[in-house]
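What the coordinates show
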Amino acid sequence: MSNLAVGIVGLPNVGKSTLFNAITKAGAEAANYPFCTIEPNVGVVPVPDSRLPVLHELYKSKKTTPATVSFVDIAGLVKGASQGEGLGNKFLEHIRQVDAVAHVVRCFQDGNITHVAGSIDPLRDIEIIETELCLADLEIVERRLQKLLKVAKSGSKEAKAEEAVLAQIKAALDEAHPARSVTLSPEELSLIKEMNLLTLKPTLYIANVAEEEVATAETENQFVRQVKDYAAKERAQTVVIAAKVEAEIAELDEAEAKEFLQEMGLTESGLDKLIKAAFDLLGLMTFLTAGADECRAWTIAKGTTAPKAAGKIHTDFERGFIRAEIVGYDDLIAAGSVAAAREKGQVRLEGKDYIMQDGDVVNFRFNV
């Protein structure tokens, strides 16, 4: 998959679609009733990167292409969704393909917006969603285990190994604990990778607060504290945003948005915080390519080697990889050009074992 995909889940009326509209300006319906988002909405958003415009100026590039994140919004889930309540299980399938899950939790009071459970209680809300995701996974795990029983009897070592892993996961899911609460080795994880279990996906929590509380909510909103404590136990991150503020920012141009954020007492938008948290959660970073035709940011996992990074651009680059000509972004900007950086000895030729660093500006040499 070329870009990072994040699935947005939550109960109805927690601000999911408002946030999604703001994120993508995609205009998903945000009516005050459950189940108004039937088809999953997918919005593709550029990853904010202040280095790209600087490179664009330096190289006078014809175009600039940022890295992107896809957000997949599905209808609000309700209790019993895994059994088909509301619009049910169909939605859960839409997010099986994502890399991470962002769980929106309502942390604001508003008499005009009904809450499906009649009151604001973030921990109860999180548990409802977690339980539904666990039940949806349990169904898949049980089906797979039935198939494996037959294969394992024939003496297949791999089937036995997979069966052992799934038995541990089933035990956790039976107790409504997510699959990610089970400690598994990389080898064990690879056995069940194809199943795309929802509760195995890295998860971050989005505490959606009232507009007037957004600057102080981190410390002063009791609901946010509850979400953060819950997330900390899971070693997960919490991002505090006000979906309404994000909706307002989405209508502004860059300069106006900056001014608006300052007035609100914020240093960055909730969307920027969310993308950073998702990158962090998944251990991702960005390298850059620059030239007269295009300046571009590419998303890779931390620890990626130069040939694998080259393969992100084109498979031929990886296959015929010779060397990577690399200069650090800061060195390049300080020097003013690649030629000047080269004179200072800051342009390096790296081989197949080189581990890419965030902000590397790269020219790959290859021969196919």
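Residues numbered from 1 in each chain as written. Predicted model: local features only at pLDDT ≥ 70, side-chain atom pairs only at ≥ 80, totals over all residues. Heavy atoms only, no water.

This paragraph deals with the pairing of strand S9 (residues 294-301). Here three bridges tie strand S3 (residues 63-65) to S9, and the two strands are oriented parallel to one another. Pairing of Lys63 across the sheet is with Glu294, part of S9. As judged from the seven bridges shared by strand S8 (residues 284-290) and S9, these two strands associate in the antiparallel manner. Looking across to S9, one finds that Phe287 is bridged to Trp298. The hairpin turn running from S8 into S9, its antiparallel successor, is three residues long. (Pairing = 2+ DSSP bridges. Helix = DSSP H or I, 4+ residues; strand = E, 2+ residues; numbered from the N terminus.)

Among the nonpolar cores identified, the biggest contains 51 residues, and Ile23, Val69, Phe71, Leu204, Ile206 and Ile275 are the most heavily contacted of them. Of the residues forming this core, the biggest block, six residues, is contributed by helix H11 (residues 270-281). Those residues in contact with Ile275, other than ones at most four positions away along the chain, are Val45, Pro46, Val47, Pro48, Val69 and Phe71. (Core = buried A, V, L, I, M, F, W, Y, C linked by side-chain atoms within 4.5 Å. Buried < 20%, exposed > 50% of the residue type's maximum accessible area, 1.4 Å probe, protein only. Contact = heavy atoms within 4.5 Å.)

Looking now at the packing of helix H9 (residues 243-250) against helix H10 (residues 254-264). Where H9 contacts H10, the axes come no closer than 9 Å and their chain directions differ by 150 degrees. On the basis of their axis angle, the class for H9 and H10 is roughly antiparallel. For the crossing formed where H9 meets H10, the hand is right-handed. Counted together, Val245, Glu248 and Ile249 of H9 and Ala257, Phe260, Leu261 and Met264 of H10 form the full contact between these two elements. Class assignment for the residues of the contact of H9 with H10 results in six nonpolar, no polar and one charged. (Axes fitted to C-alpha atoms, helices over the stretch in contact; angles between N-to-C directions. Parallel < 35°, antiparallel > 145°, perpendicular 65-115°, else oblique. Left-handed = near helix turned anticlockwise from the far one by under 90°. Nonpolar A, V, L, I, M, F, W, Y, C, P; charged D, E, K, R; others polar.)

Quick look at the packing of aromatic side chains now. Counted by the stated rule, this structure contains five aromatic pairs. Seen from their ring centres, Phe287 and Trp298 are 6.3 Å apart, and the 15 degrees between their planes marks the pair as stacked. Pair noted here: Phe287 is in strand S8 and Trp298 is in strand S9, with a separation of 11 residues, a long-range link. Of the residues examined, Phe287 reaches a relative accessible area of 0% and is grouped as buried. Through a chain of ring-to-ring contacts, the aromatic side chains of Phe287, Trp298, Phe321 and Phe364 assemble into a single cluster. Looking at Arg296, its charged tip hangs above the ring of Trp298, at a distance of 4.0 Å from the centre. (Phe/Tyr/Trp six-rings, centres within 6.5 Å; stacked < 30°, edge-to-face > 60°. Lys NZ or Arg CZ within 6 Å of the ring centre and 35° of its normal.)

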